[in-house]
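Summary of structural features
Okay, here's what each chain looks like letter by letter:
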Amino acid sequence: MYFWDQHKTITNYYELLSSGICDRYGLTQMEYDILMFLHNNPQFNTAAEIVKVRKSTKSHVSTSLKSLENNGLIRRIQSEDNKKHIEIVLLDKAEIIVEAGLNMQKQFAQNVLNGLTEEEIHMCISVFNKICSNAEKCLKEHKENTNEREHV
């Protein structure tokens, strides 16, 4: 199963590069990841969506959002129609961090994809997406089976 453990090397390298930004701006890795996620995925701008899409724990996301808000990097806006719907927006103060993050992400991609052709990169993305889709399907089926057993 060594192949599956190798993903940790990629994650460790990404976190190594992003740690400089985290240190410079006094952020935890989770806070940095949330800022970059919100910038890169503006359609997923609620705490629930961050938890669901990033597969993060509610408590870690909640704690990080509170810190980001206290530091003036994000603002939560409650919907007038639905009091439970709270959107998260990046504030101007976060722009410098996001810009540094985008530069770091570009460098990361260049480094880890070094030597791959465009065709290999697209193939890699396609295969990875299929693997993730299969894993997602299995997780969903497991959850459904667990729920069925609990209700029997």
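Our structure's up above, just so we're on the same page.
Before going into details, it helps to say that this report is about the structure given with it. Note that this is a predicted model, so its numbers are computed, not measured. (Residues numbered from 1 in each chain as written. Predicted model: local features only at pLDDT ≥ 70, side-chain atom pairs only at ≥ 80, totals over all residues. Heavy atoms only, no water.)

Focus on the overall build of the chain
- Within the chain one finds seven helices and two strands.
- The order of α-helices and β-strands along the chain, N terminus first, is α-α-α-α-α-β-β-α-α.
- On the principal axes, the C-alpha backbone points of the chain span a range of 50 × 45 × 25 Å.
- Counting only residues that meet the buried cut, the chain has 22% of its 152 residues in that class.
- Measuring between centres, the 18 positive side-chain charges of the chain sit 5 Å from its 21 negative side-chain charges. (Helix = DSSP H or I, 4+ residues; strand = E, 2+ residues; numbered from the N terminus. Buried < 20%, exposed > 50% of the residue type's maximum accessible area, 1.4 Å probe, protein only. Lys, Arg positive; Asp, Glu negative; His and termini not counted. Charge placed at Lys NZ, Arg CZ, Asp CG, Glu CD.)

Points about the packing of aromatic side chains
- Evaluated as defined, the whole model comprises three aromatic pairs.
- Their ring planes at 85° and their centres at 5.1 Å tell us that tyrosine 14 and phenylalanine 108 sit as a pair that is edge-to-face. Residue tyrosine 14 is found in helix α2 (residues 7-25), and its partner phenylalanine 108 is found in helix α6 (residues 95-112); the two are separated by 94 residues along the sequence.
- Taken together through their ring pairs, the aromatic side chains of Tyr13, Tyr14 and Phe108 make up a single cluster. (Phe/Tyr/Trp six-rings, centres within 6.5 Å; stacked < 30°, edge-to-face > 60°.)

Quick word on the layout of surface pockets
- Each pocket or cavity is described by its volume, and for the largest pocket that value is around 1500 Å³.
- His7, Ile10, Thr11, Phe108 and Phe128 are the residues nearest the centre of the largest pocket, which is lined by 32 residues in total.
- Within the residue set of the lining of the largest pocket, elements represented by two or more residues are α1 (2-5), α2, α3 (29-40), α6 and α7 (118-150).
- By residue number, the principal contributor to the lining of the largest pocket is α7, which donates 10 residues.
- Among the residues forming the lining of the largest pocket, the class breakdown is 19 nonpolar, 10 polar and three charged.
- Taken as a whole, the second largest pocket spans an internal volume of roughly 220 Å³.
- For the lining of the second largest pocket, the secondary structure elements donating two or more residues are α4 (47-54), α5 (58-70) and β2 (86-90).
- It is α5 that provides the largest number of residues to the lining of the second largest pocket, a total of four residues.
- Of the residues belonging to the lining of the second largest pocket, the class tally is seven nonpolar, three polar and three charged. (1 Å grid on protein atoms, 1.4 Å probe; cavity = no way out; pocket = protein on both sides within 12 Å on 5 of 7 lines; lining within 4 Å. Points joined across faces, edges and corners; volume = space filled by probe spheres on them. Nonpolar A, V, L, I, M, F, W, Y, C, P; charged D, E, K, R; others polar.)

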